[in-house]
Every structure is written in C-alpha cells, then in structure tokens.
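What follows is the residue order along each chain.
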Amino acid sequence: MNIENKIPSTGFKGLKENWRSDFTAAISVSLVALPLALGIAVASGVTPMSGLISAIIAGIVTTFFRGSNLAINGPAAGLIAAILGGLAVLDNNINYVLAAIVVSGAIQILLGLLKMGRFAKLLPSSVLQGILAAIGIIIFAKQIHFALGTSSDADTIIGTLIDVFYKISDINPFVFIISFLGVLILVFYKKINNKFIRVIPAPMWVLLLSIPVVYGFDFFNNHDIVLFGSAYNVNPDLLINIPKNPLDSIMFPDFSKFATMPFWLTVMSITTIGTVITLASARAVDKLDPYKRTTNLNKDLVGVGLSTMVSGALGGLPIVNVIVRSTVNVNSNAKTKWSNLYHGLLLLLFVAFLAPALKSVPLAALAAILVYTGFKLASPLVFKNTYNQGVEQLLFLSSTLIITLFSDLLYGIVGGIFITLILHMLLAKVGIIPFFKMIYKSGSKLIKIDNGSYEIKIKGIANFLYALQLDKLLDAVPRRATIQIDLSQTRLVDLSIMENLIEFKRIYDNEGGTVKLSGLENHVASSSHNRALKIVTGLVKKRITKRQIQLQKMALTNGWSFEREVDWNTSYLRNFHFFDSRPIEMKSNSLQGEDLDNNIHWEIADIVFDEGALLALEIYQTTVQVIRLPTSIPKFIVDKEGLFDKVFNRVKVFSGVNRDINFKKHKGFSGKFLLSGENEDEIREFFTDELIRFLEDNEIHHIESNGEALMIFKYLHIAKTDEVQNMLTFGLNLLKHMNFKSKSENIFRKDK
C-alpha cells in the first residue's frame with residue numbers, strides 16, 4: 001500500500017506510463033476549473049470567456065515550459081483585485097489591461113531566466129496573508145450584490161459592504177434562492193458521503209442545480225414575477241453571456257497607454273501578486289506531492305509568464321499556479337505534469353460542445369462560488385490561525401489588510417513590509433543602521449565538523465530580508481549529510497525564516513539527510529506555535545504543563561520513557577498513507593515503551609500536521625500511536641464508514657485504496673467500517689472472526705498498517721492523560737486479536 005519508491009518518469013516517457021491516472025485526475029480538475037474560470041472572469045469585470053480562454057491556455061501552453069510536477073495552472077481569485085484596479089485606472093478599457101497582462105508575463109519570463117524566483121521569499125508570510133484576506137473581502141463585497149440581486153454605487157469596498165444592509169429590501173428572491181442554494185452546496189458538500197455525489201465537484205454541482213431554477217422561473221425572457229404582493233424582475237441579463245461562436249470573444253491588447261504611470265502600476269500589481277501566488281503555491285503543492293519532488297521555481301516563472309503573455313494577447317486573464325485545483329489533482333492520484341495538459345484539453349472540449357448549456361448558467365451561481373471563496377480567504381479562522389502564530393503576526397496581517405482596502409495592492413504590500421520592519425526593530429531593540437547590519441553582515445557561516453557533519457551558525461537578525469542569504473548557506477551543504485542549525489546567536493528569528501527552516505528540514509530529511517534545529521532555548525515568543533517570531537531575552541525557564549507532568553509520572557510508574565521536547569524528525573510517520581498529502585510539522589510529548597514478550601515497540605506522541613495548502617490550509621494537532629510489529633502483516637486502512645469526517649476525508653482517494661472490502665458473515669462490521677487495501681486476499685485472511693468481533697465491540701479508531709507497523713488514532717485533539725491510557729490499552733488489546741503467523745501457517749476460511 002505504500003507508494004513505490006520509483007518516482008514517475010518525466011517528459012513523454014512519463015506521459016506514456018501514467019496517462020491513465022493523469023487523465024482521470026484531469027477530469028476531476030476540469031470539473032472544478034470550469035465554474036471557477038467563469039466566476040473569476042465575471043468577478044474581474046471581464047467576459048466569462050476570458051476566464052475559459054486563460055484556463056485552456058494555462059493547460060495547453062504552460063505544461064510544456066513549467067517546472068511544477070503536480071500543480072495546476074489557471075486564472076486565480078487572488079488576481080481579481082489587480083484586474084479590477086487596472087480597469088479602474090485605465091479608463092475601464094479591458095484592451096489596456098490586456099496589454100498590461102502581456103507585459104507582466106514578459107517580466108515573469110525575465111525573472112525566471114535571471115533565476116530571481118527566490119526573491120518571492122522576501123515577502124513576509126503574514127503580509128501575504130493580509131493581501132489574500134484583503135482580496136477575499138474585495139471579492140466578497142463585489143459579488144454579494146450579484147448573489148442578492150441588488151446593486152451598489154459606492155466608490156469604496158467598505159461602502160459596497162455597507163450597502164448590503166441598506167439594500168436588504170431590494171433583494172430579488174429568485175436570484176437569492178440560486179446563490180443561497182449554491183452556498184449551501186459548498187458548505188455541506190464535504191459532509192455528504194454518497195459516492196455518486198462525490199464524483200462531481202462541489203462548484204460544478206452549484207452550476208448544475210442552478211439551471212433548473214433558471215428554467216423554472218424562465219430567466220430567458222424579461223418579465224416580472226409577483227411574490228407576496230411585490231414584483232421581481234428576471235431577465236437574460238442575469239445569465240452568463242457566451243457568444244454563439246466562442247472565437248468572437250477573443251480580444252486583443254492595446255499598448256497605447258504603455259508610457260503612462262497607471263499602466264505600469266497595473267503591470268506591477270499583476271506581476272507582484274501573480275509571482276508571489278505562483279511561487280507560494282508551487283511550494284505548497286510540493287508538500288502534497290507523495291513522491292516528494294521539488295519544483296524548479298525559476299522554470300515555473302518562465303512557464304506561467306509565457307502562458308500569461310499568450311493569454312493576454314488573446315483576451316484572457318493572468319495565469320498562475322492555483323492551489324485548490326492543484327489539491328484536487330494530487331488527491332485524484334495524478335502522477336505527472338501532463339494532467340495539467342489534459343485538463344486544458346478537456347476545458348477546450350467543454351467550450352466547443354457545451355457553450356449553449358453554459359448560457360443557461362445564472363450569474364448568481366457564480367456569485368455563490370465567489371462569495372464562498374472570498375469568505376474563505378478572509379474568514380475568522382484565518383485571523384485565528386494568524387493570532388495563534390503570534391499577536392505580532394495578527395498586527396502585520398491586519399495592517400496590510402487595512403492599507404490594501406483603503407488604497408491598493410501595491411501600497412498594501414509596501415505598507416505591510418514597512419510596519420513589519422518597524423516592529424522587528426523595536427523587538428530587537430536596535431537602531432536602523434545596526435538592524436540592517438545584523439541582517440546583511442551578521443557573520444553567519446557554514447562549518448564542516450571533523451566527523452563529516454555540518455553546522456550552520458546563524459547570527460544577528462534572521463528575518464524575511466535574510467531569506468536569500470539563508471538559502472545560500474543551506475544550498476552549500478552536500479546532500480544526505482547531518483546538519484546542526486544553531487540559532488543561539490540570533491537576536492530575532494521571524495516566522496518567515498522558521499517556515500524556510502522547517503521546509504528545508506522536510507525536504508532534506510526526505511532525501512536521506514538529517515537536520516536538527518537548536519539554540520532557541522533562550523528565546524521567547526508571544527505564542528507557543530513552532531513558527532512564531534522569537535526574540536532572545538537571556539536564560540528562560542522552560543514551562544512544563546500539568547499534562548506533561550502527568551505523562552512523566554505515568555512513564556516513571558510503568559518504566560516507559562517520556563520526552564516532552566519538540567522532535568522535528570517525523571520521517572517514519574510519512575510511511576503511512578494518511579500523511580501522503582498531509583505535511584507533518586513536528587511531534588512532541590513522546591511516550592515510548594516496549595512489550596518484550598511480544599517483541600513490539602510502541603510510541604504515543606502529539607503531532608502537528610496540515611490539511612490542504614495555502615489558501616485552504618488548516619492546521620491540526622492530534623495524538624497518534626505507532627506500534628512496530630514483530631513480523632510483517634498486510635497493508636490496510638480501517639476507518640469509519642458513513643458520515644463524513646473532516647480529517648479522514650481523503651482516505652478513499654488514495655492510490656489503489658478506493659475499494660471497501662466487505663465480509664458476508666459480518667454485515668455489522670462491514671456497515672460500520674471502511675476497510676481498504678491493495679491485496680484483498682491477504683487482508684481477508686488477516687481479518688479473522690476474532691479480530692472482526694473485537695473491532696465491532698470497540699469504539700471506532702483510524703487504524704492503518706504499512707506492513708511493518710500500525711498507526712492508530714481516534715481523537716481530533718491532543719489526547720488527555722486518560723485518553724492516552726485508553727489509546728494504549730486499545731492498541732495492546734488489538735494486537736492480542738491479531739494473528740502474526742506467516743502466510744503458510746494461516747488457514748482461514750475465504751468465504752466471509
């Protein structure tokens with residue numbers, strides 16, 4: 001059940017070997033991309049076909065030139081604000097904006113050729129989150145009126161939002177019912193476990209279920225419908241406008257504004273946001289890649305830059321790496337970059353054959369998708385997660401957000417960086433000149449130790465401006481070495497640097513090396529988050545929690561070992577399928593013991609892992625038990641069957657683990673559990689009547705075998721002390737009901 005070590009071939013050999021899995025993944029991706037491309041175009045103030053043109057070009061053109069393996073390219077919600085801003089300052093003329101898009105693509109190509117993709121790291125993480133949150137609010141404000149059937153003449157985003165309350169009496173119920181139904185679908189889609197429904201992505205369901213409403217109330221003819229004594233108008237203007245001949249939608253850029261300041265402000269906005277989103281998304285998708293491949297960021301810039309030029313030249317939108325569609329691609333078992341090509345070709349077929357059907361899609365359905373997208377970008381959870389990283393990060397995000405909303409994207413970025421630097425200076429307690437000297441002339445160095453290992457001593461101020469220098473130090477270390485990264489001589493280490501170090505450790509460990517972070521014992525932070533900004537204050541007494549004290553006592557009483565410190569080495573957990581597309585950040589509070597009679601070693605530890613990526617990122621903390629077994633067993637996953645559970649929502653789509661193995665004699669077990677794995681015959685032999693009855697009689701746990709060990713967990717939170725004891729009891733009792741004899745010694749009845 002583990003993924004083979006062999007990395008899929010690249011180029012046309014990879015196309016030949018993996019076309020089935022890539023094409024299947026592309027079907028799911030294209031069904032997501034179609035409504036999103038239409039909605040992003042409408043929200044950007046351009047024709048719906050502009051979104052489809054850019055999505056098609058993103059698939060067909062970008063694939064041949066980019067450096068990503070599993071990322072999907074296309075138009076992105078993150079650039080809606082840049083396009084709207086361009087239209088506002090360029091006389092509301094789309095042809096001028098198309099020219100800016102072409103120039104922006106050319107600049108991205110140049111950046112890629114000059115290998116300047118690394119400069120995207122100079123944007124602080126919280127400033128990027130602030131920009132994305134501002135974009136989310138802009139999208140929400142612009143689209144909420146389309147969702148309600150109202151309008152706003154306000155000149156500002158805040159005014160547009162306030163108008164929602166003033167226009168409540170003007171809501172068109174026949175428009176609102178479509179958008180309300182769409183939002184319900186998007187919110188509750190993940191909770192529906194019906195296999196037929198899950199085949200079609202949520203955004204496509206929004207479009208499909210809106211069409212009967214359009215026909216039911218005859219949106220094709222301009223007329224009034226009376227409801228509760230009031231008349232409400234429905235008409236064709238509430239539907240997507242698709243020309244009979246899609247080629248008629250092609251537009252061409254006008255470069256006559258090339259020498260003006262508004263033109264170059266638009267170019268810089270599109271280039272900056274597009275480049276940052278592309279590179280950040282590429283790194284996020286690399287975390288999800290089950291083969292642990294690394295994107296060539298400079299090559300990616302060339303690819304998206306070239307396709308952006310082509311897109312702008314034909315009337316399309318800027319092209320970037322898009323995280324939601326990329327996540328769908330990974331979870332649909334894509335293997336190579338060719339899934340991106342297939343998704344572009346499928347979209348081309350949709351346009352060629354489904355153009356008449358697209359004319360029946362109401363704008364309210366697209367508005368529902370965009371309102372939901374905008375809310376996700378600026379939801380309370382975004383602010384909560386940022387606050388958990390440190391109160392100062394919330395300040396950086398909020399200030400960037402406010403500046404952006406009251407000016408534009410470029411001012412928001414510059415203002416956010418300025419405020420970040422000012423606070424860093426105050427926290428480091430140094431003046432301006434010493435501050436920058438401690439960044440660029442800190443004396444950080446790489447040292448080779450006599451035993452063949454390496455030590456990187458980082459000194460001074462390690463904030464986002466230091467990211468490129470840090471990369472040089474890290475790149476100088478040979479592969480598969482042992483590295484100690486010592487931060488003891490730093491005055492300040494910010495969140496961006498911690499993210500870079502954690503990401504480097506993840507990649508380096510996956511390649512067979514060993515990275516250990518040290519020297520932060522005397523630093524303090526406003527949050528316990530592992531990435532929080534840290535400043536040195538002298539000797540700090542380590543705090544120990546009540547739970548840690550209880551676990552320590554439990555270990556002493558039973559002769560176990562307990563280690564409460566953070567352990568960044570989580571490579572073994574990545575041998576389980578559950579963590580194929582869920583990056584693990586760290587583990588801590590590790591409780592370990594042995595059962596010498598049965599020759600097993602077990603560990604129970606708290607772990608932090610991510611679900612999703614970038615815009616859709618959610619961070620979980622849970623407690624996991626791993627039991628090393630005395631002999632090999634079949635590879636399988638046991639999980640709850642029925643209602644959707646948020647953390648386990650992708651178990652069914654793992655490669656080769658789609659099928660539920662049922663037992664005729666144990667219908668209760670088969671109805672309660674989802675059992676899946678590669679070798680069904682071996683699994684049926686292993687799951688004896690005794691084991692099945694034990695599982696039926698106990699509460700449901702997530703149980704996974706990688707062939708040599710079991711991973712078990714139940715709680716969607718850090719387990720309490722008594723819950724830790726329950727986990728251990730369950731795990732050891734489970735082993736008693738398992739048969740560890742070799743295959744030749746196992747004689748079981750096959751007809752279960």
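Computed from a prediction, not measured in an experiment: that's the story for all the values here.

1. Observations concerning the overall build of the protein chain
For the protein chain, the count of helices and strands is 25 helices and 18 strands. On C-alpha atoms alone, the protein chain measures out to a radius of gyration of 27 Å, which is about the 27 Å that the 2.2 N^0.38 rule sets for 752 residues. On the principal axes, the C-alpha backbone points of the protein chain span a range of 80 × 70 × 55 Å. Taken across its 752 residues, the protein chain has 56% of its residues classed as buried. Across the protein chain, every contact between residues at least 6 apart in sequence was considered, and the portion connecting residues at least 24 apart equals 73%. Accessible surface for the protein chain amounts to roughly 32,500 Å². Of this, 60% is attributable to carbon and sulfur atoms.

2. Overview of the side chain of S269
Relative to the elements of secondary structure, S269 occurs in helix α10 (residues 261–288). The exposure class of S269 is buried, given its relative accessible area of 9%. Each residue touching S269, except ones within four places of it in the same chain, is listed here: A82 and L410.

3. As for the pattern of salt bridges
Taken as a whole and assessed by the stated rule, the structure comprises twelve salt bridges. Note that K257 and D91 form a salt bridge whose closest N and O atoms lie 3.1 Å from each other. Linking K257 in the loop between β3 (230–234) and α10 with D91 in the loop between α3 (80–89) and α4 (94–113), this pair joins segments that are 166 residues apart in sequence. Judged by relative accessible area, K257 falls into the partly exposed class, the value being 24%. Measuring nitrogen to oxygen at the nearest pair gives 2.7 Å for the salt bridge that ties D509 to K505. Taken together, the residues D509 and K505, both in helix α20 (residues 495–510) and four residues apart, mark about one turn of the helix.

4. Quick look at a nonpolar patch on the surface
Together, I158, I162, Y166, I402 and F406 make up a nonpolar patch on the protein surface, roughly 560 Å² of accessible area in all. A total of three residues in the nonpolar patch trace back to one element, the largest contributor, which is helix α6 (residues 157–166). Within the fold, I158 resides in helix α6.

5. Notes on the environment of T278
Within the fold, T278 resides in helix α10. Taking relative accessible area as the criterion, T278 reaches 0% and is therefore assigned buried. Taking the C-alpha atoms as reference, T278 lies 9.5 Å from A120; in sequence the two are 158 residues apart. Beyond its immediate sequence surroundings of up to four residues, T278 is in contact with D300, V304, I319, V320 and N321.

6. Considerations on the environment of D639
Tracing the chain through its elements places D639 in strand β15 (residues 636–640). By relative accessible area, D639 is classed as buried at 4%. D639 sits 75 residues away from K714 along the chain, and the two C-alpha atoms are 9.8 Å apart. At a separation of 2.9 Å, a polar atom in the side chain of D639 contacts the side chain of H702.

7. What to know about the side chain of S588
Secondary-structure assignment places S588 in strand β12 (residues 584–595). Setting aside residues no more than four positions away along its own chain, S588 makes contact with E563, R564, E565, V566, A605 and D606.

8. What to know about the packing of helix α17 (residues 409–428) against helix α18 (residues 432–440)
Interaxial distance between α17 and α18 falls to 10 Å at its minimum, and their mutual angle equals 95°. Taken together, the axes of α17 and α18 are roughly perpendicular relative to one another. In this structure, α17 uses L421, H424 and M425 to contact α18, whose residues at the interface are I432, F435 and F436. Here the contact of α17 with α18 is composed, by residue class, of five nonpolar, one polar and no charged.

9. Looking at the packing of aromatic side chains
This structure, assessed with the given rule, holds 24 aromatic pairs. Counting every residue linked through ring pairs, the aromatic cluster contains F636, F663, F669, F673, F686 and F687.

10. Notes on the pairing of strand β2 (residues 223–227)
Side-chain positions along a regular strand alternate between the two faces of the sheet. Of the pairings in the sheet, the one linking β2 to β3 comprises five bridges and is antiparallel in character. The partner of I225 across the bridge, within β3, is Y232. Between β2 and β3, which pair antiparallel in sequence order, lie two residues; one of them, F228, sits at a positive phi of approximately 55°.

11. A look at the pairing of strand β17 (residues 702–705)
Of the two faces of β17, the one lined by H702 and E704 and the one lined by I703 and S705 are each fully buried. By the bridge criterion, four bridges tie β17 to strand β18 (residues 709–713) in an arrangement that is antiparallel. Residue I703 lies in a different strand from β18, and its bridge partner there is I712.

12. Thoughts on the confidence of the model for the protein chain
Across the protein chain, pLDDT averages 87, with 93% of residues at or above 70. Low pLDDT (under 50) marks residues 643–658, which in the prediction has 49 contacts with non-local residues, meaning those over four places away or in another chain. Low confidence marks residues 742–752, where pLDDT is under 50. Its contacts with residues over four positions away, or in another chain, come to 20 contacts.

13. As for the packing of helix α7 (residues 173–188) against helix α9 (residues 202–216)
Axis separation between α7 and α9 bottoms out at 9 Å; the angle between their running directions is 150°. Taken as axis vectors, α7 and α9 run roughly antiparallel relative to one another. The interaxial crossing formed by α7 with α9 has right-handed handedness. Packed against α7, whose contacting residues are I177, I178, L181, G182, I185 and L186, the element α9 presents A202, P203, W205, V206, L209, S210, V213 and V214 at the interface.

Reading the values: the criteria
- Residues numbered from 1 in each chain as written.
- Predicted model: local features only at pLDDT ≥ 70, side-chain atom pairs only at ≥ 80, totals over all residues.
- Heavy atoms only, no water.
- Helix = DSSP H or I, 4+ residues; strand = E, 2+ residues; numbered from the N terminus.
- Rg over C-alpha atoms; globule rule 2.2 N^0.38 Å.
- Buried < 20%, exposed > 50% of the residue type's maximum accessible area, 1.4 Å probe, protein only.
- Contact = heavy atoms within 4.5 Å.
- Areas by Shrake-Rupley, 256 points an atom, 1.4 Å probe, with all protein chains shown as cover.
- Salt bridge = Lys/Arg side-chain N within 4 Å of Asp/Glu carboxyl O.
- Patch = residues over 30% accessible without salt bridge, like charges linked within 9 Å, V, L, I, M, F, W, Y side chains within 5 Å.
- Polar contact = N/O pair within 3.5 Å; in protein donor to acceptor, adjacent residues only side chain to side chain.
- Axes fitted to C-alpha atoms, helices over the stretch in contact; angles between N-to-C directions.
- Parallel < 35°, antiparallel > 145°, perpendicular 65-115°, else oblique.
- Nonpolar A, V, L, I, M, F, W, Y, C, P; charged D, E, K, R; others polar.
- Phe/Tyr/Trp six-rings, centres within 6.5 Å; stacked < 30°, edge-to-face > 60°.
- Pairing = 2+ DSSP bridges.
- pLDDT = per-residue confidence, 0-100.
- Left-handed = near helix turned anticlockwise from the far one by under 90°.

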